[in-house]
Amino acid sequence: MPFETKLEVFEGPLDLLLHLIQINEVDISDIPIATITEQYLEYLDLMRALDINIAGDFLVMASTLMHIKSKMLLPRRDDDLEEIEDLREEIVRPLMEYMKLKEAANELASRDILYRDVFKRGIEMNGTRGEEDNMNPAKVNLYGLMDAFKRLMKEKHPGAVLRFKPEPWSVKEKMVEIRDKLKGVKSLSFRDLFAETASISEMIATFLALLELVKTEFMTVFQEQEGTDIMLEVLAE
Amino acid sequence: MDNSLKLIVESLVFASEEPLTPQQIRELLPERDLKEIRAVLVELKAEYQQMKRSFIIREVAKGYQFCTLPRFRPYIAKMLSSTQSRLSRAALETLSIVAYKQPIIRQEIERLRGVDVGGILRLLLKKGLIRIVGRKPLPGRPIIYGTTGTFLEVFDLKDLSSLPTLKEIEELGGEEDEQ
Amino acid sequence: MDNSLKLIVESLVFASEEPLTPQQIRELLPERDLKEIRAVLVELKAEYQQMKRSFIIREVAKGYQFCTLPRFRPYIAKMLSSTQSRLSRAALETLSIVAYKQPIIRQEIERLRGVDVGGILRLLLKKGLIRIVGRKPLPGRPIIYGTTGTFLEVFDLKDLSSLPTLKEIEELGGEEDEQ
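Predicted, not measured: the structure shown is a model, and the values here were computed from it. (Residues numbered from 1 in each chain as written. Chains lettered and ligands numbered in written order. Predicted model: local features only at pLDDT ≥ 70, side-chain atom pairs only at ≥ 80, totals over all residues. Heavy atoms only, no water.)

Right, let's talk about the overall build of chain B for a bit. Scanning chain B from N- to C-terminus turns up nine helices and five strands. Computed over the C-alpha atoms, the radius of gyration of chain B is 26 Å, more than 25% above the 16 Å expected from 2.2 N^0.38 for a compact globule of 179 residues. In terms of principal-axis extent, the alpha carbons of chain B reach across some 80 × 45 × 30 Å. At a minimum sequence separation of 6, the contacts of chain B that also span at least 24 residues come to 40%. Split by element, the accessible area of chain B, about 8900 Å² in all, is 52% carbon and sulfur. (Helix = DSSP H or I, 4+ residues; strand = E, 2+ residues; numbered from the N terminus. Rg over C-alpha atoms; globule rule 2.2 N^0.38 Å. Contact = heavy atoms within 4.5 Å. Areas by Shrake-Rupley, 256 points an atom, 1.4 Å probe, with all protein chains shown as cover.)

When the parts come together, some accessible area is lost, and that loss is often what is quoted as the size of the interface. Residue-level contacts link 51 residues of chain C with 38 residues of chain A. Interface of chain C and chain A: buried area, both sides summed, is about 4200 Å²; carbon and sulfur atoms make up 59% of it. The interface formed by chain C and chain A holds seven salt bridges in total. Of the charged contacts in the structure, one is a salt bridge between Glu 97 of chain A and Arg 111 of chain C, with a shortest N-O distance of 3.9 Å. Joining chain C to chain A, the criterion identifies 13 residue pairs in polar contact (both at pLDDT 80 or more). Of all the secondary structure elements, the ones that give two or more residues to the side of chain C that touches chain A are α1 (3–15), β2 (63–68), α4 (73–79), α5 (89–101), α6 (106–113), α7 (118–126), α8 (149–154) and α9 (167–178) of chain C. A total of eight residues in the side of chain C that touches chain A trace back to one element, the largest contributor, which is α5 of chain C. Considering only residue class, the side of chain C that touches chain A consists of 26 nonpolar, seven polar and 18 charged. (Buried area = accessible area lost by both parts, 1.4 Å probe. Salt bridge = Lys/Arg side-chain N within 4 Å of Asp/Glu carboxyl O. Polar contact = N/O pair within 3.5 Å; in protein donor to acceptor, adjacent residues only side chain to side chain. Nonpolar A, V, L, I, M, F, W, Y, C, P; charged D, E, K, R; others polar.)

This part takes up the packing of aromatic side chains. Counted by the stated rule, this structure contains 20 aromatic pairs over all chains. Relative to Phe 14 of chain C, the ring of Phe 14 of chain B lies with its centre 6.4 Å away and its plane at 70 degrees, an arrangement referred to as edge-to-face. Of this pair, Phe 14 of chain B sits in helix α1 (residues 3–15) while Phe 14 of chain C sits in helix α1, each in a different chain. Neither residue differs from the other here; Phe 14 of chain B and Phe 14 of chain C are each classed as buried. Look at Phe 55 of chain B and Phe 66 of chain B: their rings are 5.7 Å apart centre to centre, the planes differ by 70 degrees, and that puts the pair in the edge-to-face class. One end of the pair, Phe 55 of chain B, is in strand β1 (residues 55–60); the other, Phe 66 of chain B, is in strand β2 (residues 63–68), with eleven residues separating them in the sequence. Here Phe 55 of chain B and Phe 66 of chain B have matching classes, each one buried. Put simply, the rings of Phe 14, Tyr 48, Phe 55 and Phe 66 of chain B together with Phe 14, Tyr 48, Phe 55 and Phe 66 of chain C pair up and form one aromatic cluster. (Phe/Tyr/Trp six-rings, centres within 6.5 Å; stacked < 30°, edge-to-face > 60°. Buried < 20%, exposed > 50% of the residue type's maximum accessible area, 1.4 Å probe, protein only.)

Let us look at the sheet that holds strand β4 (residues 130–135) of chain C. Residue and element names in this part refer to chain C. Strand order in the open sheet formed by three strands is β3-β5-β4, with antiparallel pairing between adjacent strands. Of all the strands in the sheet, the pair left with one neighbour each is β3 (104–105) and β4. Both β4 and strand β5 (residues 143–147) contribute to a ladder of five bridges, which runs antiparallel. Within the sheet, the bridge partner assigned to Ile 132 lies in β5 and is Tyr 145. Along the sheet, α5 makes contact with β3, β4 and β5, crossing β5 at roughly 95 degrees. (Pairing = 2+ DSSP bridges. Axes fitted to C-alpha atoms, helices over the stretch in contact; angles between N-to-C directions.)

You can see Arg 53 of chain B is positioned in the loop between α3 (34–51) and β1. Within the structure, Arg 53 of chain B has its side chain in polar contact with the side chain of Glu 10 of chain C (distance 2.5 Å). Side-chain polar atoms of Arg 53 of chain B contact the side chain of Tyr 48 of chain C, separated by 2.9 Å. Residue contacts for Arg 53 of chain B: discarding those within four places in its chain leaves Leu 69 of chain B together with Lys 6, Leu 7, Glu 10, Leu 44, Glu 47, Tyr 48 and Met 51 of chain C.

Read these as spatial facts, not as claims about activity.
Structure, rendered in structure tokens:
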């Protein structure tokens, strides 16, 4: 049992397979499928027993291994042999690639890595860096931009619909309209003002325009008696 | 003079962002005593004075640090003035909205950020990261913003479609920052 | 050799946060030509090699940069304790796949590593070691990844061609691409 001493954590099925090949001291191109399959499944059992979540990738590899193993147990015809070779190839090729990549990673790890082995001059921050408010382009990377957007969408607008909706009625336009209506007539009833409004958004725009005009003291709003119509009357001009 | 101590101290002063005091160095080298470290710092300072290079070690109130000689200031100032500046979080958020939602009007950006963005839009325009694309045929004819070629350069993007979508960003997964 | 030019160039490299290329220095010194500046940089690099101090000038990411010698690592690491986190084996493996097989899409990286790499890609993007190069004209327009200048700087590489060659990987990769 290869995992007696300690349970190693394997990154994925390839990592585990490579480990098994190494501890069994076998050649990658000539893997003893039965033995390796058995040990591979033992490891998965161990993970299950320890309640470790087994990623799907481990199971896919397990089924491939078992498939090859079962084929090898069958009476052999020529096509069977061919199929076994093809299946073997399916495992061996990625394993070889994986091995080379691990070598590449080791090679990278062995270099003089900045901030691990060697260090740049510690440059004083104050005064040396450009102000934000200058003409120079920004020193940011794409990750920062992506992250800012993701954060914004998550924090402030979970699930928000971000389509721009045109607003057909503007308060400014309505202010002009009310002024026009009051030209010559001096006063106008609240009811008449809203007589032609077709939608809620138009009514809101009209009402906001009314408030704006009162605020700017262009006109005043009054009521003769409780229950009677509210009247608008021009103040200035 | 202990040459290996001298070089260790030099490497520390070199790599430190702040001036280093003999006490701080002593804390990093517990087997050495303060007197030794002080002597080494004095010697290092004298050495660089003699070496006639473009920088020296100087003693400031807070300790020892490397610095360039004043006569190289014009060249260095020119270099620093052309270096890129960092963007604030607010600017980056606004830029990300313009990038992802363009063409977009200011009102819409403000709705998404929940605050006024006038100043930030001016900054981004000045830096050449966004531009005015046109005006929306709406009352008030609001200005429509979009990103620029400089934006693509700064973020090292081939084109706007290379910008990862929100879905793709999320697929890159985990909130965990360290692997 | 023009001693004043040498010291000006030295002061610039010394004051710069990023590796400085001969072109960048040329832009700051318009009256000098690139050849002169290159020669001065080569000489400076050799000088520091000989001076046996705690730092040297190294040629990295197409530029020149001062940095400490590896043997001072323990002391400096102790001083800067919290600044940089190490890359895990998984992150290094993923990074080397991107480095050697770029331009590459996530799906291909996962095929090679046999596991999901979303979180790791995110980390590498965050650290500025990889970047988004574009999109592949395939269904779903997957994002293509490549390495950055920071990758070269961090791993002490002049350029991508100075990555140690791993012939067999390239051969295997070539076959993959033809499928």
